[in-house]
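# Notes for the structure review
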Amino acid sequence: MSVKKGIDVSYAQGNIDFSKISKEEVHFAIVRSSYGWELGQKDSKFDRNIRGFQGLGIPCGAYHYSYAQSRDDAVKEAKYCLSCIGDHHLELPIFYDLEDSSIARLGRRACTEIAKAFCDYMKQKGHKAGVYLNPNWLENYVYKDELMGKYPLWLAQWGTSKPSYPCSLWQYTVGAAGCVSGIIGEVDLDHLYSEETHEETFHVGDIVKVLDPIDYDTGKRFHVYDGETYSVIEAVGDRIVIGIDGRVTAAINAKYLEKIGDKKEELKKHTYTYIIRSGDTLSGIAEKYHTTVAKIAEENHIANPNLIYSGRILKITV
């Protein structure tokens, strides 16, 4: 896993001494650009901070603190944010900071739509945009399934050894817990994960842990016991079928899984089920499960291996 250490800053850090920052292990910075959408709500240190970090070769992103009450307000904030960023080139995304209580009371649907409106406008203008959320907001104030995976997530979660959700950026300490030479007082510390951090490749037989139990096909949640692990029964693109002892539990997006073991040898201990899809061939299915066409045909009483039908359930013992 590739992880970079960085900081996020605003006017609250005062005049940063960039000669000292150059000697610190700061690989990136997220700089507050603005808040709201009225004139005069640009962060007073934004231009100075961007120039200072980028002058040291440190890549930067930005964040905008939201007070939006509707999708229209969110678009206004996006436009104002871009006007504040101006001609500065950002190597990292522009994040939408959702944490204000005035937004939280609007309800989950409104909060989700506000986030989407800001990010989608940014994308239309050619900018990569993400959302800044804490676990409480993810679970109670937005529909996280509509945001995670579509927009980069900057997760604010402090006092834990690792983030509880797949994220692009993790704010792991806040305020007084952070200290960096060149900044007087407190500063937030972050980890930036490389793009492949949460994009593992899964294979049949891998042992996985479920990070968020959302069924791929229905979007509904399924029950997961604490500490339970599953084996991969089928892997097609980002759709991963998982189960226990060869019995299917659910199909799930790969982004919600964490691989904890590559144990293809355990395939020999299980019987699997496979639902035939349009375009499947027995030879292709046999290759996935490291078996032969003859064995699958015999076990499932298939007289003609070249004639199979979508929707039929196969039993495969290997």
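Higher on the page you've got the structure.
Residues numbered from 1 in each chain as written. Predicted model: local features only at pLDDT ≥ 70, side-chain atom pairs only at ≥ 80, totals over all residues. Heavy atoms only, no water.

### Some thoughts on the environment of P152
Test applied: Runs of E in the DSSP output that reach at least two residues are strands. Runs of H or I that reach at least four are helices, and both are numbered from the N terminus. Throughout, a residue-residue contact means that at least one pair of heavy atoms, one from each residue, lies within 4.5 Å.
Within the secondary structure, P152 sits in the loop between α6 (135-140) and β6 (153-156). P152 sits 15 residues away from C167 along the chain, and the two C-alpha atoms are 6.8 Å apart. Once you skip the residues sitting within four places of it in the chain, P152 turns out to touch P93, F95, K128, A129, G130, V131 and S168.

### A short note on the sheet that holds strand β8 (residues 188-193)
Going by this rule: Should DSSP find at least two bridges between two strands, the strands are taken to pair. To get an axis, fit a line to the C-alpha atoms, keeping to the stretch in contact for a helix; angles then go from 0 to 180 degrees between the N-to-C directions.
The strand order β1-β2-β3-β4-β5-β6-β7-β8 describes a closed barrel built from 8 strands, whose pairing is mixed. Going from strand to strand, the sheet's axes swing by 25° on average, the running direction of each strand aside. In the sheet, strand β3 (residues 60-65) pairs with strand β4 (residues 94-97) via 4 bridges, with the strands oriented parallel. Its bridge partner being in β4, Y65 is matched across the sheet by D97. Contacts from helix α2 (residues 46-55) reach β1 (3-9), β2 (28-35) and β3, with the element oriented near 165° to β2.

### Concerning the pattern of salt bridges
Our working definition: Here a salt bridge means any side-chain nitrogen of Lys or Arg lying within 4 Å of a carboxyl oxygen belonging to Asp or Glu. Note on classification: 1.4 Å probe, protein chains only; a residue is buried when its accessible area is under 20% of the maximum for its type, exposed when over 50%, partly exposed between these limits.
Counted under the stated rule, the structure contains 13 salt bridges. E113 serves as the salt-bridge partner of R109, at 2.7 Å between the closest nitrogen and oxygen. Taken together, the positions of R109 and E113, both in helix α5 (residues 108-124) and 4 residues apart, correspond to about one turn of that helix. Given a relative accessible area of 36%, R109 falls into the partly exposed group. We note a salt bridge from K116 to E146, for which the minimum N-O separation is 3.0 Å. With K116 in helix α5 and E146 in the loop between α6 and β6, the pair connects residues that are 30 residues apart, well separated along the chain. Taking relative accessible area as the criterion, E146 reaches 26% and is therefore assigned partly exposed. Through salt bridges with shared partners, a single ionic network connects R71, R109, E113, K116 and E146.

### Quick notes on helix α3 (residues 71-85)
The test is simple: In a helix, the anticipated span is given by 1.5 Å times the number of residues less one.
Given a rise of 1.5 Å per residue, 15 residues ought to cover 21 Å, and the 21 Å separating the end C-alpha atoms of α3 matches this to within 8%. Within α3, burial applies to D73, A74, E77, A78, Y80, C81, L82, C84 and I85. At its buried positions, α3 is contacted by β2, α2, β3, β4 and α5. Where α3 ends, the next residue or the one after it, G86, has phi of about 60°, a positive value.

### Some points on the pairing of strand β10 (residues 230-236)
With 5 of 7 residues buried, β10 is to be regarded as a mostly interior element. In this structure, strand β9 (residues 206-210) lies alongside β10, joined through 2 bridges in antiparallel fashion. Its bridge partner being in β10, V208 is matched across the sheet by Y230.

### Some remarks on the side chain of S10
When you line up the elements, S10 lands in the loop between β1 and α1 (18-21). By relative accessible area, which is 8% here, S10 ends up buried. If we ignore the near neighbours within four places in the chain, the residues touching S10 are R32, D43, N49 and Y63.

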